[in-house]
Amino acid sequence: MIEIASVSKFYNQKRALDGVDLTIQSGKIFGLIGPNGAGKTTLIRILNQIIEPSTGHVRIGGVPLNNGHVKTFGYLPEERGLYREMKVLDHLVFLARIRGLSKSDALKASNFWLDKFEINPWSAKRIDSLSKGMAQKVQFIGTVLHDPNVIILDEPLSGFDPLNIQLILQEIKAMKKAGKTVIFSTHNMNSVDEICDEVGLVNQGKLVAHDHVSALREKHKTGAFKVRYKGNQIAFANALWTGFELIHTEELGDQWFQSVIKSRHGEAFNDVYNTLSSSVELQLLEEQLPGMQDIFLELVTHHSHE
Amino acid sequence: MNKSVLIAFRELKERIGNRSFKLMLFIGPLLIVSMIYLLLESGNQGVTSMKVLISDPTNLFENKIAARTTEGVTYYFYEDYIEFDAFKNSPEFQEFDALIELNEKVLINKKVFLFHREEPNLQLKMKLKFEIERRMEEVLIEQFTSLEVDEFRKIKQPLNIDFINVDDPYSQADNGVAWIGYFLGYIMIFFIAIFGTNITKSINREKMNRISEVILASVKSRQLMLGKIFGNLLASFLQLFAWIVLVALGLWVLQSLIIPELFTPEHLTGVQVSDQQLKELGMQTMTQENMPMDLVFHRVNYWWLIPNFILFFLGTYWIFASFFTIMGAMSGDESDGQQFLVPIWILLSLTIFAGYNTLSYPDSGLTTFFSFFPWTSGMVSMIKVTVGVTVTQYLGILFAWFIQVSVGSAFILLAARIFQHGILSYSHRFSLSLFFSWLRK
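Residues numbered from 1 in each chain as written. Chains lettered and ligands numbered in written order. Predicted model: local features only at pLDDT ≥ 70, side-chain atom pairs only at ≥ 80, totals over all residues.

### Topic: the overall build of chain B
Within chain B one finds 18 helices and 4 strands. The buried share of chain B, reckoned over its 441 residues, is 36%. Considering only contacts in chain B between residues 6 or more positions apart, those separated by 24 or more positions represent 75%. (Helix = DSSP H or I, 4+ residues; strand = E, 2+ residues; numbered from the N terminus. Buried ≥ 20, exposed ≤ 12 C-beta atoms within 10 Å, placed from the backbone. Contact = placed C-beta atoms within 7 Å.)

### Some points on the sheet that holds strand 1 (residues 2–11) of chain A
All names here are of chain A. Taken together, the 4 strands give an open sheet; going across it, the order is 2-1-4-5, and neighbouring strands pair in antiparallel fashion. The open sheet has two edge strands, strand 2 (14–24) and strand 5 (63–64), and neither has a second partner. Both strand 4 (residues 55–60) and strand 5 contribute to a ladder of 2 bridges, which runs antiparallel. If you follow isoleucine 60 over to strand 5, its bridge partner there is valine 63. Sheet strands touched by helix 1 (residues 40–47): strand 1, strand 2 and strand 4. Its angle to strand 2, the strand with the most contacts, is close to 60 degrees. (Pairing = 2+ DSSP bridges. Axes fitted to C-alpha atoms, helices over the stretch in contact; angles between N-to-C directions.)

### What to know about the domain arrangement of chain A
One can read the domain layout of chain A as domain 1 (2–218) and domain 2 (222–288). The straight-line distance from the C-alpha centre of domain 1 of chain A to that of domain 2 of chain A is 44 Å. (Domains from an automatic or database assignment.)

### Describing the interface of chain A and chain B
Counting residues at the interface gives 19 residues for chain A and 16 residues for chain B. For the side of chain A that touches chain B, the elements supplying multiple residues, two or more each, are strand 6 (73–76) and helix 2 (88–98) of chain A. The greatest single-element share of the side of chain A that touches chain B, amounting to 3 residues, is contributed by helix 2 of chain A. Class assignment for the residues of the side of chain A that touches chain B results in 9 nonpolar, 4 polar and 6 charged. (Nonpolar A, V, L, I, M, F, W, Y, C, P; charged D, E, K, R; others polar.)

### Brief notes about helix 5 (residues 122–144) of chain B
Its 23 residues place the ends of helix 5 of chain B 32 Å apart at the C-alpha level, agreeing with the 33 Å of an ideal helix rising 1.5 Å per residue. Among the residues of helix 5 of chain B, those classed as buried are B:Leu122, B:Gln123, B:Leu124, B:Met126, B:Lys127, B:Leu128, B:Phe130 and B:Ile132. (Expected span 1.5 Å × (residues − 1).)

### Here's the deal with the sheet that holds strand 9 (residues 198–203) of chain A
All names here are of chain A. Strand order in the open sheet formed by 6 strands is 6-7-8-3-9-10, with mixed pairing between adjacent strands. Looking at which strands have only one partner, the edges of the open sheet turn out to be strand 6 and strand 10 (206–212). On average, adjacent strands in this sheet sit at an angle of 15 degrees to one another, irrespective of strand direction. Lying on the sheet, helix 4 (residues 132–144) is in contact with strand 6 and strand 7 (150–154); it crosses strand 6 at an angle near 160 degrees.

### What to know about the packing of helix 15 (residues 365–372) of chain B against helix 16 (residues 377–387) of chain B
Packed helices, taken two at a time, are described by the angle their axes make and the gap between the axes. Residues and elements named next belong to chain B. Remark: helix 15 packs on helix 16, axes separated minimally by 6 Å, with the N-to-C direction vectors making an angle of 110 degrees. Judged on the interaxial angle alone, helix 16 and helix 15 are roughly perpendicular. Regarding helix 15 and helix 16, the two cross each other, and that crossing is left-handed. The residues of helix 16 that touch helix 15, namely those facing Thr367, Phe370, Ser371 and Phe372, are Ser377, Val380 and Ser381. Across the contact of helix 15 with helix 16, the residue classes break down as 3 nonpolar, 4 polar and no charged. (Parallel < 35°, antiparallel > 145°, perpendicular 65-115°, else oblique. Left-handed = near helix turned anticlockwise from the far one by under 90°.)

### Structural notes on the nonpolar core
Ranked by size, the top nonpolar core spans 130 residues in total, and within it A:Ile152, A:Val182, A:Phe184 and B:Met188 carry the most contacts. Ranked by residue count, the leading element in this core is helix 12 (residues 302–330) of chain B, at 14 residues. If you look at the next biggest cluster of nonpolar residues, it comprises 17 residues, including B:Val52, B:Leu53, B:Ile65 and B:Phe96. (Core = buried A, V, L, I, M, F, W, Y, C linked by C-beta atoms within 7 Å.)

### With respect to the packing of helix 12 of chain B against helix 16 of chain B
Residues and elements named next belong to chain B. At a minimum axis distance of 9 Å, the contact between helix 12 and helix 16 shows a crossing angle of 170 degrees. One element, helix 12, and the other, helix 16, form an angle in the roughly antiparallel class. Mapping the contact onto sequence places Leu305, Asn308, Phe309, Phe312, Gly315 and Thr316 in helix 12 and Gly378, Ser381, Met382, Val385 and Thr386 in helix 16. Looking at side-chain class alone, the contact of helix 12 with helix 16 contains 5 nonpolar, 6 polar and no charged residues.

Here it is as structure tokens:
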């Protein structure tokens, strides 16, 4: 478990982080989201001990963050690079060794990951001869090859093609399965929806939201339902009359429609079903929960206006 | 393994893999050996064989010179006076390359003139000098003593007196050696300039590559900085070591294979000059006639100089490395960094000037200042130890070195503070306000 307690960071007069309190459970994928300049990178740098907090502290499994944790962390920064003149295998061995692995272990781990990502034939090539996608795979391997317990990935999917995005997402899920904690910072809300268990939203240096993804979606639901039905459109509208607002209707065929409705008084799924089932033949009824994209926009806009 | 060591070895590997490093590995020693060869050969130019006409109106030499003929020189005797103009212009003498004039005054003033058309080379000069002097010696012994020639030569000892001012160890006699010290100091500054600039470049490249954040998640910024400094130091030592080995090898090749006749009198063609004979000529070896050769092969104690060179190199590198690090951390990109290296190069130039000043005015107040000023003391100390110092003077040099390392360490701490912030800052402009802001943080 990672405990971040009252962590602030000041740069001269500027406050980059403002009293962030956050607990990240072990074995979960935690999405750290927020607009540009919100303080995500500062928080990530503090977790990686690249910079120290001005106030507050971080504990890992109850132990204050210290040099010994370097070995147990893997970090893929947003601004990432490689030594262009080095050979792939040498580079990976170097990265593993500065994370504390012995030479033989570093070599073994590098070869394992090169095989896994099917790029072992490139191990003797110089980094500057690799394609962008290939270099990104090397960067990802460099982050995880020392088998860290905490993996911090800052925009890990940027620049990857869809195939490689799937590959990386699979790996992240596999790490979760293996009990690793993944901190996943991204602007790609679809991937947050897809893989994150919990989300923390940082804006203007403050943590403005922190919850399970499903809880956040539940919390920010708008009472919208998608309904597909067969029957008379007027009968459907009459059934909605007092308690619901018709947002949108699409004609799918003869007497066949799909609509989006919004409850006025927070009616639950069963209420909607009971209201509509007697008037039309229901084919589909689905509560429309907001995506992380919507929640993000709502929270950031709301917080910025405060 | 210590992370700084890992970083240092990575830096070293990168430097070694660099094409310019490989190129300089061979070009540097080749240039030095070539320069030495040219210096040596400069004293050995000119014609290598001569027909020498000896004008001997009093028949002093009785038409003989050496017991046997020698290669390269053929003597002809002419029992009359020859005017200088006649020798120069008359068709009768055009076949002769040189004229030796032996008039009756030669027994009193012991002065012999040799007029040549083309300059003889060093070996030929040596042969002529040796043979004429020996023959003249025989004549003098015969005329003025009752001794046998062999007996005379046994008691003849050359007397050389060197006048050295106790307060002036850099007397004219040692000036040449001081130049060797200056040359070594120059090499030291050259290496520091090259490998110091590499520190700046390496920091800039790391920023450009955006690898620094990955590395800093594993190592402390201080470890990264020291790794870079030591990595470049190792690379410079490696190149220096290769230079020493290659230059030594080059000098051995020069001495043994290319121009052996300049080094070992036994190999002199035609004239079998023994050590004893050289002593008779007032020389320890043939090379004394050739000043650069004498300096390079006889006057310098390399076993004393090399350890001292390493000591002063370490101190001077240490103090300059902090500056190169600060420049790398402060600059936003590589071109920015290059531009702001100029002040360091000016400081390095001051060191070169300090060396020259030490050669010219070894006892001046400015030299004393330079010998303790941390950025110049390495160069001044190098010259001093090359010329030779007393134990007390050497202790003074060690004290100057201690000051240099202490000041260097203070600057390294300062550099570490700047580096900590600079390594994570990209694409900014170099400014003093930024420098002070990072220093305060």
